[in-house]
Amino acid sequence: MDRSYGTLQSNYLNKLMGRLTARNQGEYEFHQAALEVLESLEGVIERHPEFIRMGIIESLVEPERLIKFRVPWIGDNGRVYINRGYRAQFNSAIGPYKGGLRFHPTVSEGVVKFLAFEQTFKNSLTGLPMGGGKGGADFNPKGKSEAEIMRFCQSFMTELSHYIGPNTDIPAGDIGVGEREIGYMFGQYKRIQGEFTGVITGKGLDYGGSLVRKQATGYGLCYFVEEMLKEKQRSFDSMTTVISGSGNVAIYAAKKAIELGAKVVALSDSSGFIHDKNGIDLDLIKELKEVQRARISDYILKHPDATYTEGARGIWNIPCDIALPCAIQNELDELAARELTKNGCVLVAEGANMPCTPGALEVFKEKGTLFAPGKAANAGGVATSGLEMSQNSLRYSWDYEEVDCRLKNIMQDIHKRASTTAEEYDAKGDLILGANIAGFMKVANAMLAQGAV
Ligand code: NDP
């Protein structure tokens with residue numbers, strides 16, 4: 001998955017990438033995310049030598065703080081289990097650290113760093129005052145009882161609570177952390193600190209959550225894609241769409257895409273994918289995934305015309321016009337990208353964080369496939385978290401239409417900024433470059449203004 005950093009033209013960036021790889025050995029996802037941003041900055045450092053002089057880029061690839069801790073919890077069988085928790089407080093130049101918590105067996109220092117690094121640029125793109133952070137634990141929630149999940153969340157928050165606060169670091173959900181887990185962690189934080197604050201977002205509506213937060217990442221992704229399609233005088237109407245995953249992002253991306261006229265024919269989980277040529281029955285998916293916490297394979301019990309195939313990666317062999325990878329990093333590789341483009345796919349937008357490998361990105365570039373990077377296209381979740389923070393500070397709640405309208409405006413604005421920045425740097429249509437530079441400039445200028453800190 002790792003890529004040579006020889007693709008960088010600038011001697012300065014090349015050396016920086018070399019140092020980064022040497023200092024963060026084995027952290028391939030972090031190398032991959034950093035390289036993608038550095039590649040976009042070649043033109044920026046030519047125009048802004050002050051960023052080199054003041055060490056801005058070196059600072060940006062180094063987390064301000066990395067917290068690593070033990071999480072002991074007691075299983076239903078009375079045994080004590082130990083997991084490892086993390087919080088990467090990556091960059092606070094434009095606001096308090098903000099970013100989700102992931103509970104998944106693959107969580108490691110490198111994964112948390114890659115996610116927090118990406119989050120720094122994403123949060124900047126939203127236009128809201130939020131720095132970048134991300135955390136989680138190598139805990140696997142699958143197969144755990146309700147009581148085990150609660151005890152794990154409480155133990156995790158007991159330690160994390162020392163490092164977060166409404167003006168310092170505000171976590172949220174991510175893979176394996178939904179409203180249930182957020183509730184347990186919020187309750188534990190409140191108990192430890194003895195105060196009711198908006199220290200975490202994605203809360204339930206009865207205790208400070210925001211309307212539309214649950215839907216925000218998926219809906220925001222579709223609002224972003226709508227803008228891309230509009231530029232080509234097209235729309236979601238009748239577009240056959242394939243979406244990977246069947247979690248929070250995938251479900252609400254599917255819901256909005258269907259509302260906008262698309263035909264969503266496939267969804268997946270980590271075991272395999274379903275293909276329903278008639279268009280998926282989203283109510284059934286929600287019942288299976290949100291209520292029963294079942295496997296996606298159960299879908300065909302109610303829809304025998306649909307097919308289930310073992311292995312999640314095969315989903316990209318299904319012919320479609322639009323592909324929305326919404327599951328996990330590096331789930332769509334070069335081979336999958338070739339298959340998609342061969343079958344006529346015209347647009348790929350990342351709902352997940354870095355789901356496309358560098359090889360897949362090369363294919364999309366070569367074939368002229370419209371492409372939206374996650375740090376721009378999936379920023380709707382954190383943007384709405386920002387709106388939740390604002391409502392908590394105001395001690396007020398906006399209605400559904402108001403939050404949805406703000407979300408849509410933010411996504412349109414991100415698209416416009418990424419698009420115009422790409423043009424300014426002679427790379428019309430390159431939303432990777434546009435999003436990276438637009439996200440970078442605000443953070444870099446803030447760092448410059450605040451001196452070497
Ligand atoms: P969820 O935990 O709700 O859902 C994750 C989904 O991905 C599940 O269906 C899971 O299946 C599936 N999955 C996990 N691993 C694989 C794999 N190797 N291949 C195929 N499918 C897999 O997470 P979210 O929907 O919240 O997050 C999905 C992605 O979106 C992540 O990359 C996350 O960082 C990103 N994101 C999320 C935001 C949010 O607001 N939630 C905001 C911005 C980005 P299974 O149940 O079998 O594990």
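You'll find the structure just up there.
Below you will find a few notes about this structure. (Residues numbered from 1 in each chain as written. Predicted model: local features only at pLDDT ≥ 70, side-chain atom pairs only at ≥ 80, totals over all residues. Heavy atoms only, no water.)

## Some details on the state of the cysteines
- Under the definition given, this model contains 0 disulfides.
- Looking at the unpaired Cys320, the closest cysteine sulfur is the one in Cys345, lying at 4.3 Å. (Disulfide = S-S within 2.5 Å.)

## Description of the sheet that holds strand E10 (residues 322–325)
- Across the sheet, which stays open at both edges, the 7 strands sit in the order E9-E8-E7-E6-E10-E11-E12 with mixed pairing between neighbours. Among the strands making up the open sheet, the edge pair consists of strand E9 (307–310) and strand E12 (370–372). Put simply, the sheet's adjacent strands are angled 15° from each other on average, direction ignored.
- Relative to E9, strand E8 (residues 272–275) is paired through 4 bridges, and the arrangement is antiparallel. When the sheet's bridge partners are listed, His275 is paired in E9 with Thr307. (Pairing = 2+ DSSP bridges. Helix = DSSP H or I, 4+ residues; strand = E, 2+ residues; numbered from the N terminus. Axes fitted to C-alpha atoms, helices over the stretch in contact; angles between N-to-C directions.)

## What to know about the environment of Thr420
- Within the element layout of this structure, Thr420 appears in helix H17 (residues 400–424).
- Residue Thr420 is classed as partly exposed on the basis of its relative accessible area, which comes to 37%.
- One polar contact links the side chain of Thr420 to the main-chain carbonyl oxygen of Arg417, over a distance of 3.3 Å. (Buried < 20%, exposed > 50% of the residue type's maximum accessible area, 1.4 Å probe, protein only. Polar contact = N/O pair within 3.5 Å; in protein donor to acceptor, adjacent residues only side chain to side chain.)

## Structural notes on the layout of surface pockets
- Volume-wise, the second largest pocket comes out at about 780 Å³.
- Listed by contribution, the elements that provide at least two residues to the lining of the second largest pocket are helix H2 (28–40), helix H9 (213–231), helix H14 (358–367), E12, H17 and helix H18 (431–450).
- When residues in the lining of the second largest pocket are grouped by element, the largest group, 5 residues, is from H14.
- Within the lining of the second largest pocket, the residues separate by chemical class into 10 nonpolar, 6 polar and 10 charged. (1 Å grid on protein atoms, 1.4 Å probe; cavity = no way out; pocket = protein on both sides within 12 Å on 5 of 7 lines; lining within 4 Å. Points joined across faces, edges and corners; volume = space filled by probe spheres on them. Nonpolar A, V, L, I, M, F, W, Y, C, P; charged D, E, K, R; others polar.)

## Quick look at H2
- Here H2 is 13 residues long and its end C-alpha atoms lie 19 Å apart, about the 18 Å a rise of 1.5 Å per residue gives.
- The buried fraction of H2 amounts to 10 of the 13 residues, a majority that puts the element mostly inside the structure.
- Every buried residue of H2 is accounted for by Phe30, His31, Gln32, Ala33, Ala34, Leu35, Glu36, Val37, Leu38 and Ser40. (Expected span 1.5 Å × (residues − 1).)

## Quick look at the site of the ligand
- The full set close to the ligand counts 24 residues, and Asp174, Thr217, Ser270, Arg295 and Asn353 are the nearest of them.
- For the ligand, an oxygen atom lies 2.9 Å from a polar atom in the side chain of Lys142.
- Within the backbone of Ala327, a nitrogen or oxygen atom sits 3.5 Å from an oxygen atom of the ligand.
- Burial of the ligand by the surrounding chains reaches 85%, relative to a free accessible area of 900 Å².
- Every element with two or more residues in the shell around the ligand is listed here: H9 and helix H10 (248–259).
- A class-by-class count of the residues in the shell around the ligand yields 7 nonpolar, 10 polar and 7 charged. (Near = heavy atom within 4 Å. Areas by Shrake-Rupley, 256 points an atom, 1.4 Å probe, with all protein chains shown as cover.)

## Remarks on the sheet that holds strand E5 (residues 169–172)
- The 5 strands lie next to each other as E1-E2-E4-E3-E5, forming an open sheet whose pairing is mixed. The open sheet terminates on both sides in strands that have one partner only, identified here as strand E1 (65–74) and E5. Pairs of neighbouring strands in the sheet enclose a mean axial angle of 20°, with direction left out of account.
- Pairing between E1 and strand E2 (residues 80–91): 10 bridges, direction antiparallel. Among the inter-strand pairings, Lys68 is bridged to a residue of E2, identified as Tyr86.

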